[in-house]
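Residue-level structural notes
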Amino acid sequence: STITLVNSTGVTMPGRQVDDGNDTITWVLTNPLPTDGSADNTYTINVKAVDKAGRELEDSFTFVYDTQVLVVTSITPADGSVLATSPTEIVMQVSDGAGSGADFAASMNSMSLSGVSGDSIVREDNGVDTMTFTFPALEDTGTYTVSITLRDKAGNEFAYPSEFDFVADTTD
């Protein structure tokens with residue numbers, strides 16, 4: 001029996017096969033995969049099992065190695081912005097690079113906007129990279145804080161705060 005680990009470009013990762021002499025084989029990497037994001041990608045485990053009668057079965061299993069949190073690529077209104085008219089939505093775009101992708105359900109459920117009831121916020125996503133939060137027009141001027149814990153499908157989390165100021169438009 002054999003087992004190997006192959007990266008997304010088809011290169012077998014350096015390591016050695018360990019056989020317990022009974023029914024388990026493992027692949028031990030020469031060096032552990034780094035946790036700095038440089039090796040985040042899709043990997044495939046290739047297995048060829050041979051029983052004592054010589055019968056063979058080959059299979060492969062694919063997984064995503066993901067060590068990094070989501071990155072906010074855009075948020076509207078922008079962090080630190082000053083608005084003369086009340087926003088009624090916040091649009092946030094995120095990227096997970098070669099990672100596992102955004103866990104929109106977990107991320108969106110954690111979103112809050114200071115001064116706005118969570119029940120009045122409608123949460124939507126496009127399934128790829130964008131979350132939209134719609135809410136009634138703000139009535140009070142002041143600083144508003146958007147808080148969201150971004151989570152990817154691998155469980156990496158990042159608490160992302162953003163603030164904007166809403167000032168009443170006093171020009172006629």
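That block above? That's the structure.
Quick caveat, the model's predicted, so the values are computed rather than measured. (Residues numbered from 1 in each chain as written. Predicted model: local features only at pLDDT ≥ 70, side-chain atom pairs only at ≥ 80, totals over all residues. Heavy atoms only, no water.)

**Some thoughts on the pairing of strand 12 (residues 142–151)**
- With two bridges joining them, strand 9 (residues 112–113) and strand 12 adopt antiparallel strand pairing. Bridge pairing in strand 12 places Ser112 opposite Ser147.
- Sheet analysis places strand 12 next to strand 13 (residues 157–166), joined by ten bridges and oriented antiparallel. For Ile148, the partnering residue across the bridge sits in strand 13 and is Tyr160.
- The turn joining strand 12 and strand 13, which pair antiparallel and follow one another in sequence, is formed by five residues; a positive phi near 95° is taken by Gly155. (Pairing = 2+ DSSP bridges. Helix = DSSP H or I, 4+ residues; strand = E, 2+ residues; numbered from the N terminus.)

**Side note on the environment of Thr88**
- Along the chain, Thr88 turns up in the loop between strand 7 (81–83) and strand 8 (89–95).
- Along the chain, Thr88 and Thr9 lie 79 residues apart, while their C-alpha atoms are 45 Å from each other.
- Not counting chain neighbours up to four residues away, the residues in contact with Thr88 comprise Phe133, Thr134, Phe135, Pro136 and Ala137. (Contact = heavy atoms within 4.5 Å.)

**Some details on the sheet that holds strand 6 (residues 71–76)**
- Taken in spatial order, the four strands of this open sheet run 6-8-11-10, and their pairing is antiparallel. Across the chains shown, the open sheet's two edge strands, defined by having one partner strand only, are strand 6 and strand 10 (122–125). Across the sheet, the axes of successive neighbouring strands diverge by a mean angle of 20°, strand direction being ignored.
- Across five bridges, the pairing between strand 6 and strand 8 is antiparallel. When the sheet's bridge partners are listed, Val72 is paired in strand 8 with Val94. (Axes fitted to C-alpha atoms, helices over the stretch in contact; angles between N-to-C directions.)

**Quick word on the layout of surface pockets**
- Computed from the structure, the largest pocket encloses a volume of approximately 260 Å³.
- For the largest pocket, the lining is made up of 13 residues, of which Ser1, Asn22, Asp23, Thr24 and Val50 are closest to its centre.
- Looking at the lining of the largest pocket, its residues break down into four nonpolar, four polar and five charged. (1 Å grid on protein atoms, 1.4 Å probe; cavity = no way out; pocket = protein on both sides within 12 Å on 5 of 7 lines; lining within 4 Å. Points joined across faces, edges and corners; volume = space filled by probe spheres on them. Nonpolar A, V, L, I, M, F, W, Y, C, P; charged D, E, K, R; others polar.)

**Details of the side chain of Ser81**
- Its place among the elements puts Ser81 in strand 7.
- Looking at Ser81, its side chain comes within polar contact range of the main-chain oxygen of Ala78, at 2.8 Å.
- Beyond its immediate chain neighbours, meaning those up to four positions away, Ser81 contacts Glu163, Phe164 and Asp165. (Polar contact = N/O pair within 3.5 Å; in protein donor to acceptor, adjacent residues only side chain to side chain.)

**Here we look at the sheet that holds strand 1 (residues 2–6)**
- Pairing in this open sheet of three strands is antiparallel, and the strands run 1-4-5 from one edge to the other. The open sheet terminates on both sides in strands that have one partner only, identified here as strand 1 and strand 5 (56–65). Adjacent strand axes in the sheet meet at a mean angle of 15° when their direction is disregarded.
- Here strand 1 pairs with strand 4 (residues 41–50) via five bridges, running antiparallel. Directly across from Thr4, in strand 4, lies its bridge partner Asn46.

Coordinates in, geometry out; function isn't part of it.
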